[in-house]
Amino acid sequence: MPNSILSSSFCGLNFQTPLVLLSGCVGFGNEYTRVEGFSHADIGGVCLKGTTLHARPGNPTHRVYETPSGMLNAIGLQNPGAHKVVNDILPTLDMNETQFIANVSGSTIEEYQEVTRLFDNSAIAAIEINISCPNVKEGGVTFGNDPDMSARVVEACRSVTSKPIITKLSPNQTDIGESARRCIDAGSDALSVINTLMGMAIDTKTRKPVIGNIQGGLSGPAIKPIALLKVHQVYQVAKLHNVPIIGQGGITNANDAIEFMIAGASAIGIGTGLFYNPLICKKINNDIKDYLALNNINVLSELIGSIDI
Amino acid sequence: MLKDYRNAIFVEEAKVLEHHAFEEGQFVLRVDAPKCAATAKPGQFAHIQCDLQRLMRRPLSIMRVSVDEGWVEFLYKTVGDGTELLSAKKVGELVNIMGPIGRPFELNKEKPNALLLGGGVGIPPMVCLAEQIKNEETAMSPTVFMGSEVPFPFDRKTSNLPVNGIGSDVSDSLPLLEAWGVPSRLASLQGYSGVYEGYITDLARDWLSALSDVERSQVTIYSCGPTPMLKAVAALAKEFDLPCQVSLEEYMACAVGGCAGCVVKVTTDEGESMKRVCVDGPVFDATTVFA
Ligand SMILES: Cc1cc2nc3c(=O)[nH]c(=O)nc-3n(C[C@H](O)[C@H](O)[C@H](O)COP(=O)(O)OP(=O)(O)OC[C@H]3O[C@@H](n4cnc5c(N)ncnc54)[C@H](O)[C@@H]3O)c2cc1C
Ligand SMILES: Cc1cc2nc3c(=O)[nH]c(=O)nc-3n(C[C@H](O)[C@H](O)[C@H](O)COP(=O)(O)O)c2cc1C
Ligand code: FES
């Protein structure tokens, strides 16, 4: 395998590289294969779009908008519903190309549980629980900002699946470490850190908010320092339980990726960076390899959490 | 099913070959992008990284391509940071483009009398479509009307190609189309001489009204422009009971169908759904997007 030095086991999943394509940026898994030179072989895992029990039309437009060093989005979890995803979309994916990970959302604990149950009975490799979506009125971040509720959602999902559970934490909360601890206690096998931060933009000509939903989630390089600190904080808790982290938020090159690994991330999420350059993954992999060679590092795990304080 | 689409969009570091400024911040940009040029179709667009200060890409319609020479040409108007930064690119500099993207116009050969209506920065796909028809579909007869409220981004030329039902005072055309033998006329509210004073849809109405019933039953409308214009075009098509394809715009992030950022509500017999302008469009059947 050409990427062997980059391959690893992530909570039991065989990742061919540490890169994970982030939920909401890559549709239901196949969209980026339209681009010549893009290959799932460069990627450890692909998180599919947030999925709810029933279909959702999503928010009014505009849904995306570039802001300094980043972007706002308020898609509103547009998805065709879990049954359609499991029955119609998953069979079109080639599960040998990479690890496909479901991203589960809901308005109630029961909905999270039911969607998880549906995915448990599918070819999906793992389940990411999104308790941090800032763009829906119920559920999402309102669960993620309350450690008690977060833990209850994870517990409910844990009880219906034996697949690895990755809990996606919100940066929009006071003590992310405490939230991480509660989610791990509730049975989470891994953590995604972080989801977007809430923000807005106003059109000064019309005085209207640019984003149809008024507010949106901020992603991209603008949030990178915040995301890095959150990964560092969560790692202090997660390392005690051997729970790996998918670090994410504004990563656009190998140096960013390596920073996140040093802070404690075992895998590296790429979302907005793909919008900038759809071929970014190949380059990041190659540049990570160069860094490893230059620093005489033989296994990626030597790097993870190796921060020198 | 989706696998048919694999590897259809190309990312290229495209060298600027020509970059011409016109009035009111309008520019024609020609770049070296042979892969995009090789398969581009009218109605498709490219997603362009205007500058490293603004990493999110901007969608621009493909106006012309040369497969042999490997270039792609765009016409754009500066409206904000991205297009301003793009306008500063000099010949020889590189811009990163990905394309061609999207569902193109579908030539309706059953109704070969093609009426092309382009407004403002909706002009480029109409030029592209006219060129394709001229090159590939000699059985089709295109007529092009273009509207603009700023001076047209080309030197207007008095036409020698007659257009049915349009007065001789409305005489100006786009020189490129004239050279191809494709009749064109212009519309504007600004009172330019030789240009129809009024909305492009009124000009189109005059033309349609002058056709015989049989001729009119052969018409298909293809259009791109600002949303209010497209709505008026869709209403006109409905009034004359003509098939009509429109090319839409919406803010985009990925432009490959991955983010669902660019959606429009589409109504078909199966009900309403949110479709992505980037890959399900940008061209849609007018009856599905405008009531
Ligand atoms: C399929 C398609 C084809 C297009 N073809 C052309 C063309 O041929 N010529 C041309 O001049 N313009 C075209 N546009 C519009 C062009 O993309 C916008 O004018 C441009 O993105 C504005 O960027 P900006 O940074 O200069 O403006 P800003 O207003 O600063 O842009 C801010 C953000 O809003 C987005 N945005 C603003 N206006 C539009 C718009 N009308 N459509 C989509 N996104 C927008 C930008 O992409 C950017 O993300 C097309 C749009 C689409 C969707
Ligand atoms: C357009 C868009 C849609 C998103 N949709 C989801 C989603 O459905 N579920 C989710 O858990 N995260 C979603 N996210 C958050 C991303 O997965 C990611 O956590 C965040 O964007 C930070 O990474 P980045 O800066 O690399 O983009 C979305 C982000 C964007 C930009
Ligand atoms: S821009 Fe991402 S789906 Fe169209």
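Residues numbered from 1 in each chain as written. Chains lettered and ligands numbered in written order. Predicted model: local features only at pLDDT ≥ 70, side-chain atom pairs only at ≥ 80, totals over all residues. Heavy atoms only, no water.

Residue and element names in this part refer to chain B. Each assigned domain of chain B is listed here: domain 1 (5–101) and domain 2 (113–247). Put simply, the middle of domain 1 and the middle of domain 2, counted by C-alpha atoms, are 25 Å apart. Facing 13 residues of domain 1, the contacting portion of domain 2 comprises 16 residues. Across the interface of domain 1 and domain 2, roughly 1400 Å² is buried in total on both sides, 70% from carbon and sulfur atoms. (Domains from an automatic or database assignment. Contact = heavy atoms within 4.5 Å. Buried area = accessible area lost by both parts, 1.4 Å probe.)

Bringing the sheet that holds strand β9 (residues 165–169) of chain A into the picture now. Residue and element names in this part refer to chain A. A barrel is described by the order of its strands in space; here eight strands give the closed sequence β3-β4-β7-β8-β9-β10-β15-β16, paired in parallel fashion. Between one strand axis and the next, the sheet turns through 30° on average, direction left out of account. As defined by bridge partners, strand β4 (residues 45–51) adjoins strand β7 (residues 99–104) across five bridges and the pair is classed as parallel. What sits directly across from G50, in β7, is N103. Where helix α5 (residues 176–185) meets the sheet, its contacts fall on β9 and β10 (190–193), and the angle it forms with β9 comes to roughly 160°. (Pairing = 2+ DSSP bridges. Helix = DSSP H or I, 4+ residues; strand = E, 2+ residues; numbered from the N terminus. Axes fitted to C-alpha atoms, helices over the stretch in contact; angles between N-to-C directions.)

To continue, consider the sheet that holds strand β2 (residues 26–32) of chain B. Residue and element names in this part refer to chain B. Strand order in the open sheet formed by seven strands is β4-β3-β7-β1-β2-β6-β5, and the pairing between neighbours is antiparallel. Of all strands in the sheet, those bounded by a partner on one side alone are β4 (58–61) and β5 (64–66). Each neighbouring strand pair of the sheet contributes to a mean axis angle of 35°, computed without reference to strand direction.

All right, on to the packing of aromatic side chains then. This structure, assessed with the given rule, holds nine aromatic pairs over all chains. An angle of 35° between the planes, with centres 5.7 Å apart, marks the rings of Y32 of chain A and F38 of chain A as tilted. We classify Y32 of chain A as buried; its relative accessible area is 2%. Ring plane angle 25° and centroid distance 6.2 Å describe the contact between Y65 of chain A and Y251 of chain B, whose orientation is recorded as stacked. Within this pair, whereas Y65 of chain A is found in strand β5 (residues 64–67), its partner Y251 of chain B is found in the loop between β15 (244–247) and β16 (263–268), the two belonging to separate chains. Take Y251 of chain B: its relative accessible area is 36%, and that puts it in the partly exposed class. Three or more aromatic residues link up through ring pairs in this structure, and these residues are F152, F154 and Y192 of chain B. (Phe/Tyr/Trp six-rings, centres within 6.5 Å; stacked < 30°, edge-to-face > 60°. Buried < 20%, exposed > 50% of the residue type's maximum accessible area, 1.4 Å probe, protein only.)

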